[in-house]
Amino acid sequence: MFDFIIIGGGIIGLLTAKELQQAGASVAVVEKNSLGQQATWAAGGILSPMRPWHYCDAVNAISSISQSVYQQLSNTLFTETGIDPQWVLSGMLVLNGDDMSPAIDWCEQHNDSHEILSTEQLAIQFAHLRTIGEPTLLRPQVATIQPHKLLAALTHYLTNKGVTFFDVEASHLLNTATAVSAVQLDNNTVKAGQYIICAGAWSSQLMPDGIEQPKISPVKGQMICFPPTDIPNLCMIMEGNRYIIPRQDGRIVVGSTRENTGFDASTTQAAFDELRDFAQQLYPALEGIEPDAHWAGLRPSSPDSIPYICRVSPFKNLSLNAGHYRNGIVTAPASAQLMVDILLDRPPQLDTTAYQLIR
Ligand SMILES: Cc1cc2nc3c(=O)[nH]c(=O)nc-3n(C[C@H](O)[C@H](O)[C@H](O)COP(=O)(O)OP(=O)(O)OC[C@H]3O[C@@H](n4cnc5c(N)ncnc54)[C@H](O)[C@@H]3O)c2cc1C
């Protein structure tokens, strides 16, 4: 019998496991695919809500706490495992005339470091970017992480620390009216004192019947990646819902679509073409270079983009940490911490009200 069983081994489940293990608990993670291969693997790794001025305080507050600890988390994982999650202070250029005024207002109100670059400054600083005919916002303190490396490091770390992994689907929870008694796996059950659903877009499927259900639905996002280039001084760029993320190895990730296609995570030629064209018109030097990777993932979307991080009433030992939509990488460390604060009755760093199931 474990102290805690976590269902779902994406970034949210794995960081929740880390937080609990550090508090001295025995922890098991049940994952039906390979660890972290769903939304987390698909992510770009931008460590900020894409356009925070479009999000509510509850999302920005939990992001902000995470942003302040990510570099340290990356360093710790690197030191402990030898795998570098590649936290990089890439900065973010925001191209979009309509967005400029709310973006600047938000940065000023929230003390978010920013500069307005004139068209001349842009041309000098980012010489390979297409000509931009208007002043542009630069957020120099926005960082990125490499989700695949982060996952590899986290998995290695948790294995070394004695976290148990069940490589199998949790079909359902066994429960009475007020408590969960076990998780049903293929042909056996596992038991714990407490159960935490961190199953991303699939979380609602695991909730017991007859209670208020979380409204989490899958929203597909497709991404492409260009092979390593020698274009110098690349910056992360955001334009509307599209973005470009330079990687440390010279590769360039381009995202992403937003599609309501249920649990279908297939890729389409139309999305590939659109993302490639977007990148090539921003960086003319990419013309003639074909992307060599294309993938899709299912974001766990809640109606207001605010994750559910809460106990699930009336069960005394069931909790939920899911529904992080487009911000699950950036919000993961603080989400895990908040979940564990709630579970261990520690004073939470954030007001928990906004993250309740019923709100
Ligand atoms: C294209 C794309 C780009 C993104 N870019 C960013 C970004 O730049 N920055 C950012 O902050 N966020 C980004 N996101 C969002 C982020 O990826 C997600 O919010 C985050 O990964 C959610 O993590 P999770 O652990 O909740 O879900 P997941 O990573 O999907 O993990 C859930 C896990 O639960 C497992 N599972 C489900 N049901 C069961 C079951 N019954 N039994 C056992 N296991 C089960 C699944 O197999 C899965 O591994 C992006 C998402 C996409 C799709």
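Coordinates for the structure precede this section.
Residues numbered from 1 in each chain as written. Predicted model: local features only at pLDDT ≥ 70, side-chain atom pairs only at ≥ 80, totals over all residues. Heavy atoms only, no water.

Participant: When you look at the overall build of the protein in this model, what are you seeing that I'm missing?
Facilitator: Summing up its helical and strand segments, the protein has eight helices and 17 strands in all. For a compact globule of 359 residues, the expected C-alpha radius of gyration is about 21 Å, and the protein comes in at 21 Å, within 12% of that figure. In terms of its C-alpha atoms, the protein occupies a principal-axis envelope of roughly 65 × 40 × 40 Å. Looking at the protein as a whole, 57% of its 359 residues are labelled buried. (Helix = DSSP H or I, 4+ residues; strand = E, 2+ residues; numbered from the N terminus. Rg over C-alpha atoms; globule rule 2.2 N^0.38 Å. Buried < 20%, exposed > 50% of the residue type's maximum accessible area, 1.4 Å probe, protein only.)

Participant: Teacher, can you tell me more about the layout of surface pockets here?
Facilitator: Looking at the second largest pocket, its volume works out to about 370 Å³. As for the second largest pocket, its lining consists of 20 residues, of which S63, S64, Q67, D112 and R139 are closest to the centre. With nine residues, the top contributor of residues to the lining of the second largest pocket is helix 3 (residues 57–81). Its residues placed into classes, the lining of the second largest pocket shows nine nonpolar, nine polar and two charged. Each of domain 1 (2–81 + 147–215 + 304–355) and domain 2 (92–142 + 217–301) contributes no fewer than three residues to the lining of the second largest pocket. (1 Å grid on protein atoms, 1.4 Å probe; cavity = no way out; pocket = protein on both sides within 12 Å on 5 of 7 lines; lining within 4 Å. Points joined across faces, edges and corners; volume = space filled by probe spheres on them. Nonpolar A, V, L, I, M, F, W, Y, C, P; charged D, E, K, R; others polar. Domains from an automatic or database assignment.)

Participant: Before we go on, may I ask you to explain helix 3 in this structure?
Facilitator: An α-helical turn contains 3.6 residues, so a residue and the one three or four places further along point in the same direction. For helix 3, spanning 25 residues, the distance from its first C-alpha to its last is 35 Å, which sits close to the expected 36 Å at 1.5 Å a residue. Residues of helix 3 that are buried include every one of A58, V59, N60, I62, S63, I65, S66, Y70, L73, S74, L77 and T81, and no others. One or two steps after helix 3, the chain reaches G82, where phi turns positive at roughly 80°. (Expected span 1.5 Å × (residues − 1).)

Participant: Looking at this structure, I do not really get the site of the ligand. What am I missing?
Facilitator: Near the ligand you find 39 residues, and of these E31, T40, Y325, R326 and V330 are the closest. K32 has a polar backbone atom sitting 3.1 Å from a nitrogen atom of the ligand. When residues of the shell around the ligand are traced back to their parent elements, those giving at least two are helix 1 (11–22), helix 2 (39–42), strand 11 (217–226), strand 15 (293–301) and helix 8 (328–343). Grouping the amino acids of the shell around the ligand by side-chain chemistry returns 20 nonpolar, 14 polar and five charged. Counting contributing residues, the shell around the ligand receives three or more from each of domain 1 (2–81 + 147–215 + 304–355) and domain 2 (92–142 + 217–301). (Near = heavy atom within 4 Å. Polar contact = N/O pair within 3.5 Å; in protein donor to acceptor, adjacent residues only side chain to side chain.)

Participant: Would you explain the packing of helix 1 against helix 8 in this entry?
Facilitator: A packed helix pair is summarised by two numbers, namely the angle formed by the two axes and the spacing between the axes. Taken N-terminus to C-terminus, the directions of helix 1 and helix 8 make an angle of 45°; their axes are 8 Å apart at the nearest point. In terms of their interaxial angle, helix 1 and helix 8 are classed as oblique. The two elements helix 1 and helix 8 cross, and the hand of that crossing is right-handed. Between helix 1, through I11, I12, L15, T16, E19 and L20, and helix 8, the contact on the second element is made entirely by G328, I329, A332, P333, A336, Q337, M339, V340 and L343. For the contact of helix 1 with helix 8, the per-class residue count stands at eleven nonpolar, three polar and one charged. (Axes fitted to C-alpha atoms, helices over the stretch in contact; angles between N-to-C directions. Parallel < 35°, antiparallel > 145°, perpendicular 65-115°, else oblique. Left-handed = near helix turned anticlockwise from the far one by under 90°. Contact = heavy atoms within 4.5 Å.)

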